[in-house]
Amino acid sequence: MSTHDDGQEQLILDMVDRFLEQEVKPHVWKLEHDDIYPTEIVEKMKTMGLFGCLIAPEYGGLGLSTVTYAKIIERISIVWMSVAGIINSHIIMAMAVQRNATAEQKQAFLPRFATGELRGGIALTEPDCGTDLQAIRTVAKREGDDYVVNGTKMWISNGIEGNCFALLVKTNPEAQPRHKGMSLFIAEKGPGFTVSRKLEKLGYKGIDSAELVFDNYRIPADRLIGGVEGRGLQMILNGLELGRINVAARGVGIAQAALDESVKYSQIRKTFGKPICEHQAIQIKLGDMATRTDAARLLTQRAAESYDRGERCDMEAGMAKLFATEAALENATEAMRIHGGYGYSKEYPVERLYRDAPLLVIGEGTNEMQRIIISRQLIERNKA
Ligand SMILES: Cc1cc2nc3c(=O)[nH]c(=O)nc-3n(C[C@H](O)[C@H](O)[C@H](O)COP(=O)(O)OP(=O)(O)OC[C@H]3O[C@@H](n4cnc5c(N)ncnc54)[C@H](O)[C@@H]3O)c2cc1C
């Protein structure tokens, strides 16, 4: 559970707004189109404490509520979604430690996560499986005081620039049910843990997505999160609720940015003697886009409030993620139509929104899976 503080929230949001206006906005176009990692922006975010935004103050974090965190992520995504991705995967790793680790592990890692000295993300997906995580093949075998890890992870955000990852492995590949053989480690880069390639993408530029290879990588046994084997999948699934709230907030940001660009452009662009915002066909689009954006924001806020109260909120987080990311995709498409030929041009931001939005319907559990999760919870909570 975390507590919300309106005064603290306003101070932080003002600071984030100033940072985005002065230090991010002027550089987005260049960094995005040349696919450059935003090193200076990341350094600034370290000094602002954003890498520790959800980490408890006793470990050097800001201890913000999830509600405030979602607002920060929305604001960042309005300007450039890739920056939100750099924080998000790191926060999921940090929260897996804060929730599940031993006291010694928390002391050893959380203060370094909070400053951004250790930065990274979560390494779950493999070349052969993403949705079906229980099918992973990366194995950690106990040898004396260490485990020896072999396997490959795919699509890992912050994989090149980051130095520490929550690594999901099988400690018992024969276990049935399969999740009982799965464990989560805090894995720092070192001998045997290498980046094999950078993955090129449609959008979501700037942030690095990588394939990671573990070749007889030795990790001390005291890096097993919680000190117990067999609980890794559960730790990750609990963390995904937060991840989904984050992705929902990114969706709200993209949907809002597409709307803002469209409201602006439709008043400037004239056809048949009047601004296009005076044509009913455009008005209907703007009306739908604005309604979708607000509904997405409210669903995201509801899920974040529920998470802050410590409630089980997989249904609420799933609904927010599903609706907000579909809203982002629809608004990005509509923004492109409203911009006509210029929507297809690199001169305007809408083509970036159009390339960034599809990722959101895939990451943190595809939207197909969100519908299934929502439906299962619906039945669970309403047993006949
Ligand atoms: C840019 C980017 C960044 C990423 N960052 C990370 C990261 O940091 N860490 C990480 O671990 N992973 C990361 N991922 C991976 C991402 O989480 C997976 O791509 C996602 O979980 C989907 O897995 P998959 O790609 O293997 O698709 P698959 O699991 O192969 O799914 C393919 C299709 O089948 C559908 N499907 C699968 N099973 C079912 C079912 N039971 N019922 C109905 N439909 C089903 C899916 O919805 C989807 O439409 C990232 C991916 C991208 C593109």
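Our structure is the block above this text.
Residues numbered from 1 in each chain as written. Predicted model: local features only at pLDDT ≥ 70, side-chain atom pairs only at ≥ 80, totals over all residues.

1. Quick look at the overall build of the chain
Inference 1: Within the chain, the secondary structure is distributed over 11 helices and 9 strands.
Inference 2: The C-alpha radius of gyration computed for the chain amounts to 21 Å, which stays within 12% of the reference 21 Å derived for 384 residues, consistent with globular compactness.
Inference 3: The principal-axis extent of the C-alpha atoms belonging to the chain is close to 80 × 55 × 45 Å.
Inference 4: Counting every position in the chain, which comprises 384 residues, the buried fraction comes to 49%.
Inference 5: In the chain, the proportion of contacts linking residues at least 24 apart, taken out of those at least 6 apart, comes to 75%. (Helix = DSSP H or I, 4+ residues; strand = E, 2+ residues; numbered from the N terminus. Rg over C-alpha atoms; globule rule 2.2 N^0.38 Å. Buried ≥ 20, exposed ≤ 12 C-beta atoms within 10 Å, placed from the backbone. Contact = placed C-beta atoms within 7 Å.)

2. A few points about unusual backbone geometry
Inference 1: Put simply, glutamine 176 and proline 177 share a cis peptide bond, and its omega is -10°.
Inference 2: Here the phi dihedral of aspartate 35 falls at roughly 50°; this positive angle occurs in a residue that is not glycine.
Inference 3: Tracing the sequence through the fold places aspartate 35 in the loop between helix H2 (28–33) and helix H3 (39–48).
Inference 4: Given 15 C-beta atoms within 10 Å, aspartate 35 falls into the partly exposed group.
Inference 5: Not every positive phi belongs to a glycine, and tryptophan 155 is a case in point at roughly 70°.
Inference 6: Here tryptophan 155 lies in strand S3 (residues 146–157).

3. Concerning the environment of leucine 212
Inference 1: Following the sequence through the fold, leucine 212 ends up in strand S7 (residues 209–220).
Inference 2: On the neighbour-count criterion, leucine 212 (26 C-beta atoms within 10 Å) is buried.
Inference 3: Distance in space between the C-alpha atoms of leucine 212 and valine 195 is 4.6 Å, their sequence separation being 17 residues.
Inference 4: When residues no more than four places from it in sequence are discounted, the contact partners of leucine 212 are Ala123, Lys153, Ile156, Gly159, Phe193 and Val195.

4. Quick look at the site of the ligand
Inference 1: Taken together, 22 residues surround the ligand, and among them Leu124, Gly130, Thr131, Ser157 and Thr366 come closest.
Inference 2: Listing elements by their share of the shell around the ligand, those giving two or more residues are strand S1 (120–123), S3, helix H10 (350–362) and helix H11 (367–381).
Inference 3: Its residues assigned to classes, the shell around the ligand shows 11 nonpolar, 9 polar and 2 charged. (Near = placed C-beta within 6 Å. Nonpolar A, V, L, I, M, F, W, Y, C, P; charged D, E, K, R; others polar.)

5. Some points on the nonpolar core
Inference 1: Core analysis: the biggest nonpolar cluster contains 115 residues, and Phe185, Ile245, Ala258, Ala324 and Ala332 have the highest contact counts within it.
Inference 2: Every residue in contact with isoleucine 245, bar those within four places of it in the chain, is listed here: Thr66, Ala70, Thr300, Ala303, Ala304, Tyr307, Ala317 and Ala320. (Core = buried A, V, L, I, M, F, W, Y, C linked by C-beta atoms within 7 Å.)

6. Some remarks on H10
Because each turn of an α-helix spans 3.6 residues, side chains separated by three or four positions end up pointing in the same direction.
Inference 1: Three or more residues of H10 are buried, namely Val350, Arg352, Leu353, Tyr354, Asp356, Ala357, Leu359 and Leu360.
Inference 2: Along its buried surface, H10 packs onto H2, helix H5 (81–100), helix H7 (232–268) and helix H9 (314–338).
Inference 3: Phi turns positive, to about 55°, at glutamate 364, one or two residues after H10.

7. Describing the environment of threonine 366
Inference 1: Among the structural elements, threonine 366 can be located in the loop between H10 and H11.
Inference 2: Threonine 366 has contacts with Thr131 and Val361, leaving out every residue within four places of it along the chain.

8. Re the pairing of strand S5 (residues 182–188)
Inference 1: In terms of residue burial, S5 counts as a mostly covered element, since 6 of its 7 residues are buried.
Inference 2: Relative to S5, strand S4 (residues 164–170) is paired through 7 bridges, and the arrangement is antiparallel. Across the sheet, residue alanine 166 finds its bridge partner in S5, namely isoleucine 186. (Pairing = 2+ DSSP bridges.)

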